[in-house]
Amino acid sequence: MLKLNLENAKIDEKEIMKYKSQVENIHKDLHRRARDEEDFVGWLELPTNYDKDEFERIKKAAEKIRKESDVLLVIGIGGSYLGARAVIDALSSSFVNLQKEEKRKKPMIFYVGNNLSPNYINELIEILEDKDFSVNVISKSGTTTEPAIAFRIFREILENKYGIDEARSRIYVTTDKERGALKTLSEMEGYERFVVPDNVGGRYSVLSAVGLLPIATAGIDIDRLMNGARVAQEKYSDSDLKYNECYRYAIARNILYKSDKLIEVLVNYEPKLHYFTEWWKQLYGESEGKDRKGIFPAGVDYTTDLHSMGQYIQDGRRNLFETVINVKKPNLNIRLNADDDNLDGLNYLAGKDLDYVNKKAMEGTIEAHVSGGVPNIMITIDELNEENIGELIYFFELACGISGNILGVNPFNQPGVEEYKRNMFRLLEKPGY
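Residues numbered from 1 in each chain as written. Predicted model: local features only at pLDDT ≥ 70, side-chain atom pairs only at ≥ 80, totals over all residues. Heavy atoms only, no water.

Novice: Break down the pattern of salt bridges for me, with residues and values.
Specialist: Scanning all chains against the criterion turns up 38 salt bridges. Here Arg155 and Glu159 are joined by a salt bridge, their closest N and O atoms 3.2 Å apart. Here the residue Arg155 and the residue Glu159 both occupy positions in helix H7 (residues 145-162), the gap between them amounting to 4 residues, near one helical turn. The exposure class of Glu159 is partly exposed, given its relative accessible area of 23%. (Salt bridge = Lys/Arg side-chain N within 4 Å of Asp/Glu carboxyl O. Helix = DSSP H or I, 4+ residues; strand = E, 2+ residues; numbered from the N terminus. Buried < 20%, exposed > 50% of the residue type's maximum accessible area, 1.4 Å probe, protein only.)

Novice: Go over the packing of helix H4 (residues 82-91) against helix H13 (residues 274-288) with me, naming the residues and quoting the values.
Specialist: H13 packs onto H4 with a crossing angle of 155° between their chain directions and a minimal axis gap of 7 Å. Put simply, H4 runs roughly antiparallel to H13. Between H4 and H13 lies a crossing of left-handed hand. From H4, Leu82, Gly83, Arg85, Ala86 and Asp89 reach across to H13, where they touch Tyr275, Phe276, Glu278, Trp279 and Gln282. Counted by class, the contact of H4 with H13 contains 5 nonpolar, 2 polar and 3 charged residues. (Axes fitted to C-alpha atoms, helices over the stretch in contact; angles between N-to-C directions. Parallel < 35°, antiparallel > 145°, perpendicular 65-115°, else oblique. Left-handed = near helix turned anticlockwise from the far one by under 90°. Contact = heavy atoms within 4.5 Å. Nonpolar A, V, L, I, M, F, W, Y, C, P; charged D, E, K, R; others polar.)

Novice: Summarise the sheet that holds strand E1 (residues 3-5); cite the residues concerned and give the values.
Specialist: Reading across the sheet, the 5 strands line up as E1-E10-E9-E7-E8 and stay open at both edges, with mixed pairing between neighbours. Every other strand in the sheet has two partners, leaving E1 and strand E8 (296-301) as the edge strands with one partner each. Each strand axis lies, on average, 20° off the axis of its neighbour in the sheet, ignoring direction. Across the sheet, H13 lies against strand E7 (263-268), E8 and strand E9 (320-327), angled at about 175° from E8, the strand it touches most. Along the sheet, helix H16 (residues 386-407) contacts E7, E9 and strand E10 (376-381); its crossing angle with E10, the most-contacted strand, is approximately 145°. (Pairing = 2+ DSSP bridges.)

Novice: Please give an account of the state of the cysteines that cites residues and values.
Specialist: Defined simply, a disulfide is a covalent bond joining two cysteines at their sulfur atoms. With the rule as written, the count across this model stands at 0 disulfides. The thiol sulfur of Cys246 is not disulfide-bonded, and the nearest other cysteine sulfur, from Cys400, lies at 10.0 Å. On the accessibility criterion, Cys246 (0% relative accessible area) is buried. (Disulfide = S-S within 2.5 Å.)

Novice: Lay out the environment of Ser21 in plain terms, naming residues and giving numbers.
Specialist: Residue placement: Ser21 occurs in helix H2 (residues 20-33). What makes Ser21 partly exposed here is its relative accessible area of 47%. C-alpha separation for the pair Ser21 and Val71, spaced 50 residues apart in sequence, amounts to 51 Å.

Novice: Run through the pairing of E7, naming residues and quoting values.
Specialist: With 5 of 6 residues buried, E7 is to be regarded as a mostly interior element. Crossover handedness for the path E7 to H13 to E8: right-handed. Note: E7 against E9, 6 bridges, orientation parallel. Note that in E9 the partner of Val267 across the bridge is Val324. (Right-handed = clockwise from strand over helix to strand, strands pointing away.)

Novice: Residues and numbers for the packing of H4 against H16, please.
Specialist: Their axes nearest at 11 Å, the elements H4 and H16 cross at an angle of 150°. As for how H4 packs across H16, the hand of that crossing is right-handed. On the side of H4, the interface is formed by Val87, Ala90 and Leu91, while H16 contributes Glu386, Ile389 and Ile393.

Novice: How would you sum up H13? Please name residues and give values.
Specialist: Since the α-helix advances by 3.6 residues per turn, residues separated by three or four positions end up pointing in the same direction. Counted at 1.5 Å a residue, the expected span for H13 with its 15 residues is 21 Å, and the 21 Å between its end C-alpha atoms agrees. Turning to H13, its buried residues number three or more, namely Phe276, Thr277, Trp279, Trp280, Gln282, Leu283, Tyr284, Ser287 and Glu288. Where H13 is buried, its residues contact H4, helix H12 (245-258), E7, E8, E9 and H16. (Expected span 1.5 Å × (residues − 1).)

Novice: Could you give an account of H7, with specific residues and numbers?
Specialist: With 18 residues, H7 should cover 26 Å at 1.5 Å per step; its first-to-last C-alpha distance of 26 Å lies within 8% of that length. Within the span of H7, buried status applies to Thr145, Glu146, Pro147, Ala150, Phe151, Phe154, Leu158 and Tyr162. Gly163, located one to two residues past H7, shows a positive phi value of around 90°.

Novice: For the nonpolar core, give the residues involved together with the corresponding values.
Specialist: Within the largest apolar cluster, 93 residues are counted, with the highest numbers of intra-cluster contacts made by Tyr249, Phe276, Trp279 and Phe396. At 12 residues, H16 tops the list of elements feeding residues into this core. Once residues within four sequence positions are removed from consideration, Trp279 is found in contact with Leu82, Gly83, Ala86, Arg203, Val206, Ile393, Phe396 and Glu397. Residues Ile75, Leu128, Phe133 and Phe154 belong to the second largest nonpolar core, which totals 23 residues. (Core = buried A, V, L, I, M, F, W, Y, C linked by side-chain atoms within 4.5 Å.)

So, in structure tokens, the structure goes:
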């Protein structure tokens with residue numbers, strides 16, 4: 001269960017309620033557009049209005065990959081891989097790829113097509129030399145530079161290693177259902193194909209085949225993940241600001257933005273959530289950063305980053321606020337024992353567990369930052385499991401849709417990302433540029 005706490009954001013309830021009618025109108029508009037195939041609001045009903053037949057095919061494909069492959073390569077960039085990686089990292093052992101196969105019982109997941117580094121790709125090729133692997137290439141068009149290059153490279157490796165026929169059975173394509181280079185290629189070659197829904201943009205697509213196939217292959221229960229998202233869909237279907245914590249979060253961040261808090265720092269005290277933060281950064285950065293507007297999304301992993309960014313957040317410019325994801329209960333814990341010599345001076349912690357120490361670090365940090373002029377929002381979940389992560393994903397997606405509309409931008413397009421591509425293609429002398 002997810003809970004929102006705005007106490008340390010120092011926002012008056014009357015300020016929040018000023019947005020009541022505006023939010024009700026945005027709520028109605030988003031739900032009106034949710035089933036329009038020409039719009040990008042399909043994610044709003046995705047937890048209930050998804051392709052049930054494809055969902056079952058995803059589970060069967062994931063089982064096949066687990067049986068025949070040591071590694072699944074996820075080829076994609078941005079929303080085509082960040083959501084999957086966020087969920088897989090949050091719900092897997094931090095060292096899952098180092099576990100022995102009999103303990104791991106599922107393929108290692110590696111990500112490629114998210115950069116253009118020859119070092120990275122060559123080192124990955126070396127890792128795959130003695131391993132069986134499959135590929136899930138994710139791209140709506142099939143022509144995005146980074147994943148297209150990676151797919152060309154690893155498709156050739158697959159074909160050389162297994163022959164063309166078996167290589168075809170190890171390639172899984174997630175792309176547009178009607179058009180695009182990747183869709184055409186998958187038809188020509190007979191690759192198993194899954195669909196990027198027309199009305200779901202990349203950064204909102206983790207609960208579609210885009211995220212679900214890698215997530216299921218990693219051994220995560222996607223039924224439970226979707227159930228958590230369904231709980232959130234129902235929970236946040238009430239437009240009443242008094243009860244809708246998702247909408248209250250969206251409003252709180254806009255109120256802080258109007259008081260010159262231009263940077264939102266997403267904070268976790270659990271390293272497993274590092275890539276959840278990366279997914280969140282793309283979601284909010286691409287959705288709100290346009291028309292010379294937008295809260296800049298940043299992220300830190302505490303307590304690690306207290307020893308690098310902590311000084312700035314405590315004493316730097318007062319143009320930021322923090323949103324803390326608090327996980328109430330760890331999956332595993334460690335009790336600290338007494339030491340006869342006590343040279344490290346830690347015997348005062350004897351008998352306490354490590355999560356207790358972590359929570360006190362969190363409480364002390366929040367107290368220090370709030371007193372230093374950094375407003376703090378807290379989002380609490382009970383533990384890291386499929387249901388809670390599914391709810392958290394939906395919470396942030398919906399809050400983003402509301403927040404962007406309050407800000408006065410279209411949160412479902414990304415015109416700015418095309419400019420660098422035009423320059424890059426011109427410098428590469430691509431025909432037509």
